[in-house]
Amino acid sequence: MQTYSGKPVFSGIAIGQIRILRKEEKNVFRSHVDNVEQETVRLERAVAEADDQLKKLYGKALLEVGESGAAIFEVHQMMLADQDYQESILNIIRTQQVNAEYAVAVTADNFADMFATMDDAYMKERAADVRDISERLISVLTEEEKETVNANVPTIIVAEDLSPSETVQMDKKNVRSFVTRHGSSNSHTAILARTMNVPALIGLDYDEGMDGKKAIVDGFKGTLIVEPDEDVLAQYEEMAAKEEAKRLLLQELKGKETVTQGGRKIRLYANIGGIGDLQSVMGNDAAGIGLFRSEFLYLEKEDYPTEDEQFKIYRSVAETMAGRTVIIRTLDIGADKQIGYFGLEKEENPAMGYRAIRICLKRTDIFKTQLRALYRASAYGKIGIMFPMIISVDEVRRIKEIVEEVKQGLTEDGIAYGDVELGVMIETPAAVMISEELAAEVDFFSIGTNDLTQYTLAIDRQNAKLDDIYDAHHPAVLRMIKMVIDNGHKGGAWVGICGELGADLTLTDTFVEMGVDELSVSPSCILPVRKKIREHQ
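Please read all numbers here as calculations on a predicted model, not as lab measurements.

Caption draft 1: Spotlight on the pattern of salt bridges. Evaluation of the coordinates by the stated rule reveals 26 salt bridges. The residue glutamate 238 makes a salt bridge to lysine 242 at a minimum N-O spacing of 3.5 Å. Of this pair, glutamate 238 and lysine 242 both sit in helix H7 (residues 230-251), separated by 4 residues, roughly a single helical turn. Looking at glutamate 238, the relative accessible area reads 44%, which means it is partly exposed. For arginine 315, the salt bridge is made with glutamate 319, and the minimal N-O distance between the two is 2.9 Å. Of this pair, arginine 315 and glutamate 319 both sit in helix H10 (residues 307-320), separated by 4 residues, roughly a single helical turn. Relative accessible area serves as the criterion here: at 39%, glutamate 319 is assigned to the partly exposed category. Linked by salt bridges that have partners in common, Glu307, Asp308, Arg372, Arg376 and Asp413 make up one network.

Caption draft 2: Structural context of the sheet that holds strand E3 (residues 13-21). Across the sheet, which stays open at both edges, the 8 strands sit in the order E1-E8-E7-E3-E4-E5-E6-E2 with mixed pairing between neighbours. Whereas interior strands pair on both sides, the edge strands pair on one side only; in this sheet they are strand E1 (2-5) and strand E2 (7-10). The sheet shows a mean angle of 30 degrees between the axes of neighbouring strands, direction not considered. Both strand E5 (residues 175-180) and strand E6 (residues 200-202) contribute to a ladder of 2 bridges, which runs parallel. Following the sheet pairing, phenylalanine 178 is matched in E6 by alanine 200.

Caption draft 3: Layout of the environment of glycine 59. Along the chain, glycine 59 falls in helix H1 (residues 36-80). Residue glycine 59 is classed as partly exposed on the basis of its relative accessible area, which comes to 27%. In this structure the C-alpha to C-alpha distance between glycine 59 and glutamate 101, which are 42 residues apart in sequence, comes to 27 Å.

Caption draft 4: The packing of aromatic side chains, seen in detail. If you walk through the whole model with that rule in mind, you get 6 aromatic pairs. Here the aromatic rings of phenylalanine 367 and phenylalanine 387 are separated by 6.1 Å at their centres, their planes lie at 80 degrees, and the arrangement is edge-to-face. Placement of phenylalanine 367 in helix H12 (residues 364-377) and of phenylalanine 387 in strand E12 (residues 383-387) is noted, with a sequence separation of 20 residues between them. Like phenylalanine 367, the residue phenylalanine 387 is buried in the burial classification. With a centroid separation of 4.7 Å and 15 degrees between ring planes, the pair formed by phenylalanine 444 and tryptophan 494 is classed as stacked. Residue phenylalanine 444 is located in strand E14 (residues 444-447), and its partner tryptophan 494 is located in strand E15 (residues 494-497); the two are separated by 50 residues in the primary sequence. Under the relative-accessibility criterion, tryptophan 494 is labelled buried at 10%. Here arginine 181 stacks its cationic end above the ring of tyrosine 206, 4.1 Å away from the centre of that ring.

Caption draft 5: Structural detail: helix H16 (residues 449-457). Of all 9 residues in H16, 7 are buried, a share of seventy percent or more. Where H16 is concerned, the buried positions are Thr449, Asp451, Leu452, Thr453, Gln454, Tyr455 and Leu457. Where H16 is buried, its residues contact strand E13 (421-426), helix H14 (429-433), E14, helix H17 (475-490) and E15. Where H16 terminates, the next one or two residues include alanine 458, which has phi positive at roughly 55 degrees.

Caption draft 6: How the structure looks around the sheet that holds E12. Strand order around the closed barrel formed by 8 strands is E9-E10-E11-E12-E13-E14-E15-E16, with parallel pairing between neighbours. Averaged over all neighbouring strand pairs, the angle between strand axes comes to 25 degrees, with direction disregarded. With 4 bridges joining them, E13 and E14 adopt parallel strand pairing. When the bridges of E14 are listed, isoleucine 426 appears paired with isoleucine 447. Along the sheet face, H10 touches strand E10 (289-293), strand E11 (326-329) and E12 and points at about 160 degrees away from the line of E10.

Definitions and limits used
- Residues numbered from 1 in each chain as written.
- Predicted model: local features only at pLDDT ≥ 70, side-chain atom pairs only at ≥ 80, totals over all residues.
- Heavy atoms only, no water.
- Salt bridge = Lys/Arg side-chain N within 4 Å of Asp/Glu carboxyl O.
- Helix = DSSP H or I, 4+ residues; strand = E, 2+ residues; numbered from the N terminus.
- Buried < 20%, exposed > 50% of the residue type's maximum accessible area, 1.4 Å probe, protein only.
- Pairing = 2+ DSSP bridges.
- Axes fitted to C-alpha atoms, helices over the stretch in contact; angles between N-to-C directions.
- Phe/Tyr/Trp six-rings, centres within 6.5 Å; stacked < 30°, edge-to-face > 60°.
- Lys NZ or Arg CZ within 6 Å of the ring centre and 35° of its normal.
- Contact = heavy atoms within 4.5 Å.

Shown next, in the form of structure tokens:
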């Protein structure tokens, strides 16, 4: 029996046979072409075919992991269509008179190296993405099929790294876990693991000789146990059975109130990325939607979504939720979410740069279009709107002025709208410190613990090198949350948490005792959090 240590990105127990996924190096040879124009046509056709494949992957992911997970493939489509990327390939073909496969491979190396040397952790992760789309393009050009991972027995996939497309195409019936040597906890593949509820480890230095051997993945401790002895195997089989029993027990909580033993009710809502996640929201019995990430509507478009396009989506969500609260966050781009057609300049420190509400208050035409769509949709359900990255009372007052202008315009146009609660996200220390003043201006707060933690600790949450000191449980973070709850209530605003800490079961009792009114979590976390709240004395 041998035990290997890695870093868990999703907890759970998996038992199966190890299959090491060895990716064959694609040898792309340089060859001279006489007809350059014919080669550019080959490239254009390959790009179209690769784009079609990515659309199909998006559709598959949409059904299996929801819109927020599927959005990864929209990002890949955008990268494939990127003008700089395609022009680099075409330039190599034309100036060097070489085959398209070689030009794609050289461009992939150049772009991946460029991303890998960037200081921003999010941009570093894009090195893997550009290699993924380039490998897909080369496979189309060489007419090679990309291998999918099929398994006939319970299997633990072990690999150097896994691309999002490889992850989504795995046989979900028998692939119980995956383990990689590289990657970070914020890579696209790690995000998919959490969305798919698959125990997964990263940063594990495995041995090639373990291929085919029986093993256990302990997603709680972050260990891979190879060839466990009988006692250890029996112990983990019992643990796995208990985990499954817990999962089945949680299903019995559907339809029950989220209320403590003392009779205090907590609103338990879901975080979603789009309408594709609604099935999961309903299936997990969420009382409402506490965070609808509207930026995905913009990420999936090649140009600004129109008022009518947005209205139809917001209306659909409101109608589907049938009177339950739907809180929609206004456009939150910038930092790690870049959209080409916005024409945003590169920033040295994008997490603290021109993003979210700062863009909306400068480009009010875009902001007003979204607000008109939101208010129109409010006639069809219970909609709340919240604004991200707030740092001042003046910002909130300016937002409210714009909201009044939008409402007046709708009234003049004879368009109905409902009563809409307005709230702000508390994501910055500045917002925490002025939360009592902010509460006087809005109906509610939603604490974004992910950004609040990184800004409080001055740690980039996407930098894998800092994972060991990134502490979302830091006393400073918890004191800030308590301060926001107290100040919100003083000013008459209800207070929720929509960041990842909302689903942290080790903090559920703490948040209830602090007086939180609402927790908004991933749909799959609804029932475990409900169970924890119902057990609270």
